[in-house]
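Structure assessment
Chain by chain, the residues:
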Amino acid sequence: MTDTHIDSAPDLSEAPASATPRATGSAISPEELERLTQEIIGALKSVYDPEIPADIYELGLIYRVDVDDDRNIEVDMTLTAPGCPVAGEMPGWVENAVSSVPGVGNVTVNMVFDPPWDQTRMSDEARVALDMY
C-alpha cells in the first residue's frame, strides 16, 4: 500500500499552508489525486476555530494528511493551544468536513502536539485576516 501525503507545512522553506501531494506508485491516478487534494483542502478550509477569524488550514493546524490506495484519509492536526475550548469538538468537525468529500473512505483525525504550533505555521492569508502582518 502506498500512501499519498498532503502536507500543510512540510518545512519552513515552503509557504506554511502549501499542500503538496506526494505519491510513488499510488493506485490513485494523478488526476484523481489532484481532485481529492483540492477537495480535501477545500473541506479543511471550511473549518474555523470559533475564536479566530481564519480557517484551520491557513492557520497551519493541519500537520499531515495521508490518502491511502483505498482513499481512506488520516489527518494529523494540532491546536493553537492545548487548552483550546473546542479541543474535544474540533477533530469531529475536521472528520465531518473531510468525510463530505466525494470518493473519500474512512477518515481518522489524530490530535498531535509535537511539534507545538506557533505563528510561523500561519499562511500570509491567515496573517492578513488576523492583522499580524
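Up top you'll find the structure we're talking about.
Residues numbered from 1 in each chain as written. Predicted model: local features only at pLDDT ≥ 70, side-chain atom pairs only at ≥ 80, totals over all residues. Heavy atoms only, no water.

Position of Arg127 relative to the elements: it lies in helix α3 (residues 124-129). Of note is the side chain of Arg127, whose polar atom sits 2.9 Å from the backbone oxygen of Gln119. (Helix = DSSP H or I, 4+ residues; strand = E, 2+ residues; numbered from the N terminus. Polar contact = N/O pair within 3.5 Å; in protein donor to acceptor, adjacent residues only side chain to side chain.)

Further remarks concern the environment of Cys84. Mapping Cys84 onto the fold places it in the loop between β4 (73-77) and α2 (90-99). With a relative accessible area of 10%, Cys84 lands in the buried category. C-alpha of Cys84 to C-alpha of Glu51: the two residues are 33 residues apart in sequence and 9.5 Å apart in space. Not counting the four nearest positions on each side in its chain, Cys84 is found in contact with Asp49 and Leu79. (Buried < 20%, exposed > 50% of the residue type's maximum accessible area, 1.4 Å probe, protein only. Contact = heavy atoms within 4.5 Å.)

Before going further, it helps to spend a moment on the packing of helix α1 (residues 30-44) against α2. Contact geometry for α1 and α2: axes closest at 8 Å, N-to-C directions at 145°. Note on packing geometry: the crossing formed by α1 with α2 is right-handed. Together, Ile40, Ala43 and Leu44 of α1 and Val94, Ala97 and Val98 of α2 make up the contact between the two elements. Along the lines of polarity and charge, the residues of the contact of α1 with α2 split into 6 nonpolar, no polar and no charged. (Axes fitted to C-alpha atoms, helices over the stretch in contact; angles between N-to-C directions. Left-handed = near helix turned anticlockwise from the far one by under 90°. Nonpolar A, V, L, I, M, F, W, Y, C, P; charged D, E, K, R; others polar.)

If you walk through the whole model with that rule in mind, you get 9 salt bridges. The shortest N-O distance in the salt bridge between Arg64 and Asp76 comes to 2.9 Å. Residue Arg64 is found in strand β3 (residues 62-67), and its partner Asp76 is found in strand β4; the two are separated by 12 residues along the sequence. The residues Arg64 and Asp76 share a single accessibility class, namely buried. Taken together, the shared-partner salt bridges in this structure form one network comprising Glu32, Arg35, Glu39 and Arg71. (Salt bridge = Lys/Arg side-chain N within 4 Å of Asp/Glu carboxyl O.)

Just geometry here; none of it tells us what the structure is for.
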